[in-house]
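Here is how the chains run, residue by residue.
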Amino acid sequence: MTVSTGFNRKIQKWVLNEQGKVAFQPFKVDGNPYKSKIFLVSATPEPYISVDPLDIRLHIDSLVDSIAFQELYYDEIKASSREYKGCLNFVIWAKEHLKENVVLSYINSLYIDCPQQLKHLKKQKDPLYQQGLDVFKEVLVEFSPSLLIVQGTTAWKQFLEHFETQLIDFDSKGLTVQQLESKGVVAKMQLDSGEVVNILVCRSMGYFGKEGASFTEFKNALEQLL
């Protein structure tokens, strides 16, 4: 899939830093993100990639085309974490069983090669850290999903840090992600666009495996919501 000229300009604002280099990954989906009802949200982007400035258009097109993304970044994907590979398996499961193209997104969209680097940037109040947060908020408003799944303890802690005050009907503070996973919708959040998104939480997708055998209750909840 090739994005339109107008959408390409919008995505460029999300992916580039002030020096015109790709520094952020706002989202990843196989298809039209405006038609996706589900966001699967992690803490930070994977795989960690470096994009040649001459390949920015190819890179942007690959964000909506999984085959193109895999061809461009095969080695990086192969070396990625079990959690990221679990996210990819969940995407496949959702397409087969829910007929949904899941959008992968991130609390902080900034590309980093280790978690300590993000902590350092936060402590230094680096503008890139804040921009990474802003990109996520803008992407949420732009695509306005109906379901937002926060996967893993790290992402959930970061999500609460930045969005807890915006949550509606949230009475589950202090529960583990595994406990929250069994509750289905744990809260709602009204976006700046006025749309309301349902918030779900689950364990790290590193535990999902191929078919999510240990996520049966969670998968059943998704099927009932869609």
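Above this note sits the structure.
Definitions and limits used
- Residues numbered from 1 in each chain as written.
- Predicted model: local features only at pLDDT ≥ 70, side-chain atom pairs only at ≥ 80, totals over all residues.
- Heavy atoms only, no water.
- Helix = DSSP H or I, 4+ residues; strand = E, 2+ residues; numbered from the N terminus.
- Buried < 20%, exposed > 50% of the residue type's maximum accessible area, 1.4 Å probe, protein only.
- Polar contact = N/O pair within 3.5 Å; in protein donor to acceptor, adjacent residues only side chain to side chain.
- Contact = heavy atoms within 4.5 Å.
- Core = buried A, V, L, I, M, F, W, Y, C linked by side-chain atoms within 4.5 Å.
- Phe/Tyr/Trp six-rings, centres within 6.5 Å; stacked < 30°, edge-to-face > 60°.
- Lys NZ or Arg CZ within 6 Å of the ring centre and 35° of its normal.
- Axes fitted to C-alpha atoms, helices over the stretch in contact; angles between N-to-C directions.
- Parallel < 35°, antiparallel > 145°, perpendicular 65-115°, else oblique.
- Left-handed = near helix turned anticlockwise from the far one by under 90°.
- Pairing = 2+ DSSP bridges.

**Q** Residue-level account of the side chain of Asn-108, with values.
**A** As for its position among the elements, Asn-108 is in the loop between strand 2 (103–106) and helix 6 (115–123). When its relative accessible area of 1% is taken as the criterion, Asn-108 is described as buried. At a separation of 3.1 Å, a polar atom in the side chain of Asn-108 contacts the main-chain amide nitrogen of Leu-110. For Asn-108, the side chain forms a polar contact with the main-chain oxygen of Tyr-129, separated by 3.0 Å. Among residues more than four places away in sequence, those in contact with Asn-108 are Ala-43, Thr-44, Pro-45, Leu-118, Tyr-129, Gly-132 and Leu-133.

**Q** Break down the nonpolar core for me, with residues and values.
**A** Residues Phe-27, Phe-90, Leu-148, Trp-156, Phe-159 and Ile-199 are the most contacted members of the largest nonpolar core, which totals 76 residues. With near-sequence residues (within four places) excluded, Phe-90 lies in contact with Leu-40, Val-102, Ile-149, Met-205, Phe-208, Phe-218 and Leu-222.

**Q** Tell me what's going on with the packing of aromatic side chains, and back it up with residues and numbers.
**A** For the structure on display, the rule yields 18 aromatic pairs. Measuring from ring centre to ring centre gives 5.9 Å for Trp-14 and Phe-143, while their planes differ by 80°; the resulting arrangement is edge-to-face. One end of the pair, Trp-14, is in helix 1 (residues 5–15); the other, Phe-143, is in helix 7 (residues 127–143), and 129 residues separate them in sequence. Under the relative-accessibility criterion, Trp-14 is labelled buried at 4%. With a centroid separation of 6.4 Å and 75° between ring planes, the pair formed by Phe-215 and Phe-218 is classed as edge-to-face. Of the two residues, Phe-215 and Phe-218, neither departs from the other in class, the shared state being buried. Grouped by ring-pair contacts, the aromatic residues Phe-7, Trp-14, Phe-27, Tyr-34, Phe-39 and Phe-143 constitute a single cluster. Above the face of the Phe-215 ring, Arg-203 is positioned so that its terminal group lies 4.2 Å from the ring centre.

**Q** Pulling in residues and values, what's your account of the packing of helix 5 (residues 82–97) against helix 10 (residues 216–225)?
**A** Contact geometry of helix 5 with helix 10 gives a least axis separation of 12 Å together with a crossing angle of 45°. With respect to helix 10, the element helix 5 is oriented oblique. Crossing angle aside, the handedness with which helix 5 passes helix 10 is right-handed. Every residue of helix 10 that contacts helix 5 at Phe-90, Trp-93 and His-97 is listed here: Phe-218, Lys-219, Leu-222 and Glu-223.

**Q** Residues and numbers for the pairing of strand 6 (residues 196–202), please.
**A** Of all seven residues in strand 6, six are buried, a share of seventy percent or more. Of the pairings in the sheet, the one linking strand 3 (residues 147–151) to strand 6 comprises five bridges and is parallel in character. Counted as the bridge partner of Leu-148 is Ile-199 from strand 6. Inspection of the sheet shows strand 5 (residues 185–190) paired to strand 6 by five bridges, in the antiparallel sense. If you follow Lys-188 over to strand 6, its bridge partner there is Asn-198.

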